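Residue-level structural notes
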Amino acid sequence: NAGVTQTPKFQVLKTGQSMTLQCAQDMNHNSMYWYRQDPGMGLRLIYYSASEGTTDKGEVPNGYNVSRLNKREFSLRLESAAPSQTSVYFCAGRTSGSNEQFFGPGTRLTVL
Amino acid sequence: EDQVTQSPEALRLQEGESSSLNCSYTVSGLRGLFWYRQDPGKGPEFLFTLYSAGEEKEKERLKATLTKKESFLHITAPKPEDSATYLCAVQGVDSNYQLIWGAGTKLIIKP
């Protein structure tokens, strides 16, 4: 099992460019999450998907969109990147009935 | 507003020197408190879930405890491989499984 995988691992964008961060899991997770992690702050939830076909906003959704393509895949899109979106992005999954979230290795994004 | 505060921000210990990390929280009804470990350049890795005051969980040199206002992660006789950032998170009863995270404590164990 690969667990939770994320691509790319690193990305540099210019202000205004767009990109999609990919996340896939083979752990049969029903729920999937996108977080950002900034120095000195706790993980902040951007969007989550409680089940296939549903998505909901988290604490900091502005500037982002998501797609739950199927049960395995949950992508995060930045339509017009801003320097404030420079961060490390983590995808996580959770199985129904369990509180434990499994995290991917992260994507380090820099917006110039 | 649900909130989690971890202290200290960083802790340097000698190998074998026991200590504790603190996680203070405010939440409108606790569903669960979670401890995760995060190594540099990696995603957080689950350690423990605590559900009610008085509960304790242990794993190797780590023991987590919970009161109504805070949780402690006790580290007994730590080794250099215990060096990592330890994250605390809480889930409220009205949160729809969303977690509120602390900023973490960076633990460095010197040989």
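For the structure given in this document, a descriptive report is provided here. These numbers come from a predicted model, not from an experiment.

1. Topic: the pattern of salt bridges
- Taken as a whole, this structure holds 7 salt bridges over all chains when the rule is applied.
- Note that Arg37 of chain B is salt-bridged to Asp39 of chain B, the shortest N-O span being 3.0 Å.
- Here Arg37 of chain B falls in the buried class, since its relative accessible area comes to 17%.
- Because the salt bridges share partners, they merge into one network encompassing Arg36, Asp38 and Arg44 of chain A.

2. A word on the pairing of strand 7 (residues 62-66) of chain B
Residue and element names in this part refer to chain B.
- The element strand 7 is largely enclosed, with a buried count of 4 among its 5 residues.
- Where strand 6 (residues 56-59) and strand 7 come together, 4 bridges link them in antiparallel fashion. Counted as the bridge partner of Glu58 is Lys63 from strand 7.
- Here strand 6 folds back onto strand 7, and the loop between the two strands holds 2 residues, one of which, Glu60, carries a positive phi near 55 degrees.
- Note that strand 7 and strand 8 (residues 70-75) share 5 bridges and pair antiparallel. In the strand pairing of strand 8, Thr65 is matched with Phe72.
- Connecting strand 7 to the antiparallel partner strand 8 that follows it, the hairpin turn spans 3 residues.

3. Considering the interface of chain A and chain B
- Contact with chain A, which involves 19 residues of that partner, is made by 19 residues of chain B.
- Note on chain A versus chain B: buried area summed over both sides is about 1,500 Å², and carbon and sulfur give 52% of it.
- Interface area lost by chain A to chain B is led by Leu43, Asn99 and Phe103 of chain A, which between them contribute 34%.
- One can count 0 salt bridges joining chain A with chain B.
- The set of elements that each furnish at least two residues to the side of chain A that touches chain B consists of strand 4 (31-37), strand 5 (44-49) and strand 9 (87-94) of chain A.
- Residues of the side of chain A that touches chain B, tallied by class, amount to 9 nonpolar, 7 polar and 3 charged.

4. So, the environment of Ala89 of chain B
All names here are of chain B.
- Structurally, Ala89 can be placed in strand 9 (residues 84-92).
- Exposure remark for Ala89: the relative accessible area of 0% places this residue in the buried category.
- Contacts of Ala89, omitting those with residues within four sequence positions, involve Gly32, Leu33, Phe34, Leu99, Ile100 and Trp101.

5. Looking at the layout of surface pockets
- Quantified by volume, the largest pocket comes out at close to 860 Å³.
- What lines the largest pocket is a set of 34 residues, among which Gln37 and Arg108 of chain A together with Gln38, Gly41 and Thr85 of chain B lie closest to the centre.
- It is strand 11 (residues 107-111) of chain A that provides the largest number of residues to the lining of the largest pocket, a total of 4 residues.
- A class-by-class count of the residues in the lining of the largest pocket yields 13 nonpolar, 14 polar and 7 charged.
- Taken as a whole, the second largest pocket spans an internal volume of roughly 330 Å³.
- Looking at the lining of the second largest pocket, the elements that each hand over two or more residues are strand 5 of chain A together with strand 1 (3-7) and strand 10 (100-101) of chain B.
- Looking at the lining of the second largest pocket residue by residue, the class counts come to 7 nonpolar, 3 polar and 4 charged.

6. Things to note about the sheet that holds strand 3 (residues 19-25) of chain A
Residues and elements named next belong to chain A.
- Across the sheet, which stays open at both edges, the 4 strands sit in the order 1-3-8-7 with antiparallel pairing between neighbours. If you trace the sheet from one side to the other, it starts and ends with strand 1 (4-7) and strand 7 (64-68), each paired once. The average undirected angle you get between the axes of adjacent strands in this sheet is 20 degrees.
- In the sheet, strand 3 pairs with strand 8 (residues 74-78) via 3 bridges, with the strands oriented antiparallel. Its bridge partner lying in strand 8, Leu21 is registered against Leu76.

About the criteria used
- Residues numbered from 1 in each chain as written.
- Chains lettered and ligands numbered in written order.
- Predicted model: local features only at pLDDT ≥ 70, side-chain atom pairs only at ≥ 80, totals over all residues.
- Heavy atoms only, no water.
- Salt bridge = Lys/Arg side-chain N within 4 Å of Asp/Glu carboxyl O.
- Buried < 20%, exposed > 50% of the residue type's maximum accessible area, 1.4 Å probe, protein only.
- Helix = DSSP H or I, 4+ residues; strand = E, 2+ residues; numbered from the N terminus.
- Pairing = 2+ DSSP bridges.
- Contact = heavy atoms within 4.5 Å.
- Buried area = accessible area lost by both parts, 1.4 Å probe.
- Nonpolar A, V, L, I, M, F, W, Y, C, P; charged D, E, K, R; others polar.
- 1 Å grid on protein atoms, 1.4 Å probe; cavity = no way out; pocket = protein on both sides within 12 Å on 5 of 7 lines; lining within 4 Å.
- Points joined across faces, edges and corners; volume = space filled by probe spheres on them.
- Axes fitted to C-alpha atoms, helices over the stretch in contact; angles between N-to-C directions.

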